[in-house]
Amino acid sequence: MQIESDDRMPLRTSDDVVRVRQAVRARAVASGFSLVDQTKIVTAASEIARNTVDYGGGGELRIEALRNGQRRGVRLTFSDSGPGIRDIDQAMRDGYTTGNGLGLGLSGAKRLCNEFDIKSTAGSGTTVTIARWT
Amino acid sequence: MAEIPILRIGDCLLVSIQVDMHDRLALALQDDLTQRIVADRARGVMIDISALEIVDSFIGRMLNNIAAMSKVLDAVTVVVGMRPAVAITLVELGLGLTGVRTALNVDKGLALIRRIIDNPERDDADRER
């Protein structure tokens, strides 16, 4: 697997969430994603980016463009050094929220992607990685 | 911060979302619309989302909230113009927008609002079916 590009952007405010959506859209278009695939990864990115800002206290997004033979992909890594998630299984459940959202962010984002990984340590932060392939 | 204009057509309010919504803007729209429903004694609210490239759970919740609040204030909300890719993504995300009426475009949306206002009992029966 080749990495064609690797960019990072800050994720601190709700304006950054909008910028993340635009950057992920641009990357997905450049990687030849269909309109539906673009919409899915941008929506997933919006969900996770909001979590990074609201629950993680802000952090960073890494956007990588991948190539594996004929297939092209976009991998997004959201990292924060916030309080972490104590019970990941619970956080992944539809409808579970500690804030005032719908509790669909993580579980919904997972459904919208081909790859999903979450690592979290209480007290030292959370990293969520998602990828979608053409 | 830019505001989203709310236009009045007869007893309906029309909102066309033309910008990429950040969360505070979505909350502001929710507040503005609720106040305008009362101030203008509106019976219908139409929200055009044809320019929105995504609807995530936050925007979805805003649409659900607006529909619920307007219902309490005796107005009916119809969301129009959802893009097909957005509809596919919303369903996969797990967000059914169950409390929100939808129509394909502004014309059909206005007709739907008219029908519901003129015949509220039938609308309830329709929804229960």
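Residues numbered from 1 in each chain as written. Chains lettered and ligands numbered in written order. Predicted model: local features only at pLDDT ≥ 70, side-chain atom pairs only at ≥ 80, totals over all residues. Heavy atoms only, no water.

## A short note on helix H2 (residues 57-72) of chain B
All names here are of chain B. Short version of the rule: Strands are runs of DSSP state E lasting at least two residues, helices are runs of H or I lasting at least four, and both sets are numbered from the N terminus onward. The length a helix should cover is 1.5 Å for every residue beyond the first. Only protein chains enter the calculation, and the probe is 1.4 Å; a residue is then buried if its accessible area is under 20% of its type maximum, exposed if over 50%, and partly exposed in between.
If you check H2, its first and last C-alpha atoms are 22 Å apart, about what 16 residues at 1.5 Å a residue would give, namely 22 Å. Along H2, the residues that are buried comprise Ser57, Phe58, Ile59, Gly60, Arg61, Met62, Leu63, Ile66, Ala67 and Ser70. At the exit of H2 stands aspartate 74, carrying a positive phi of roughly 65°.

## Considering a nonpolar patch on the surface
Note the threshold: Patches here are clusters of residues that have more than 30% relative accessible area and form no salt bridge, with a 9 Å joining cutoff for like charges and a 5 Å cutoff for nonpolar side chains (Val, Leu, Ile, Met, Phe, Trp, Tyr). To measure how exposed things are, a 1.4 Å probe is used in the Shrake-Rupley method; for residues, cover is taken only from the protein chains shown. Salt bridge criterion: a side-chain nitrogen from Lys or Arg within 4 Å of a carboxyl oxygen from Asp or Glu.
A contiguous nonpolar surface patch, about 280 Å² in accessible area, is contributed by Val38, Val72 and Leu73 of chain B. Considering the arrangement of structural elements, one finds valine 72 of chain B in helix H2.

## Quick look at the pairing of strand S2 (residues 12-16) of chain B
Residues and elements named next belong to chain B. Quick note on the threshold: When DSSP finds two or more bridges between a pair of strands, those strands are recorded as paired. When the strands point away from the viewer and the connection leading from the first strand across the helix to the second strand turns clockwise, the crossover is called right-handed.
Among the 5 residues that make up S2, 4 are buried, leaving the element largely enclosed by the rest of the structure. Pairing of strand S1 (residues 6-9) with S2, which is carried by 4 bridges, proceeds in the antiparallel orientation. Of the residues in S2, the one forming a bridge with leucine 7 is leucine 14. Connecting the antiparallel pair S1 and S2 is a turn made up of 2 residues, with glycine 10 showing a positive phi of about 60°. Summarising the sheet, S2 and strand S3 (residues 44-48) pair through 5 bridges and their orientation is parallel. Looking across to S3, one finds that valine 15 is bridged to isoleucine 47. Handedness of the crossover joining S2 and S3 through helix H1 (residues 23-39): right-handed.

## Re the interface of chain B and chain A
Counted only if it meets this: What makes two residues a contact is simply this: any of their non-hydrogen atoms within 4.5 Å. Note on definitions: buried area is the accessible-area loss of two parts on being combined, 1.4 Å probe, summed for both. Within 3.5 Å is the distance limit for a polar contact, defined as a pair of N or O atoms, with the added protein rule that one can donate a hydrogen and the other accept it, and that residues adjacent in sequence qualify only through two side-chain atoms. Amino acid classes used here: Ala, Val, Leu, Ile, Met, Phe, Trp, Tyr, Cys and Pro are nonpolar; Asp, Glu, Lys and Arg are charged; the rest, including Gly, are polar.
With 20 residues of chain B at the contact, the number on the chain A side is 23 residues. Across the interface of chain B and chain A, roughly 2000 Å² is buried in total on both sides, 54% from carbon and sulfur atoms. Where chain B meets chain A, there are 7 salt bridges. Here aspartate 15 of chain A ties to arginine 24 of chain B by a salt bridge, and the two come within 3.7 Å at their closest N and O atoms. Summed over the shared surface of chain B and chain A, the number is 10 residue pairs in polar contact (both at pLDDT 80 or more). When residues of the side of chain B that touches chain A are traced back to their parent elements, those giving at least two are H1, H2 and helix H3 (84-93) of chain B. Sorting elements by how many residues they give to the side of chain B that touches chain A places H3 of chain B first, with 6 residues. Counted by class, the side of chain B that touches chain A contains 9 nonpolar, 4 polar and 7 charged residues.

Shape is all these values report; function is a separate question.
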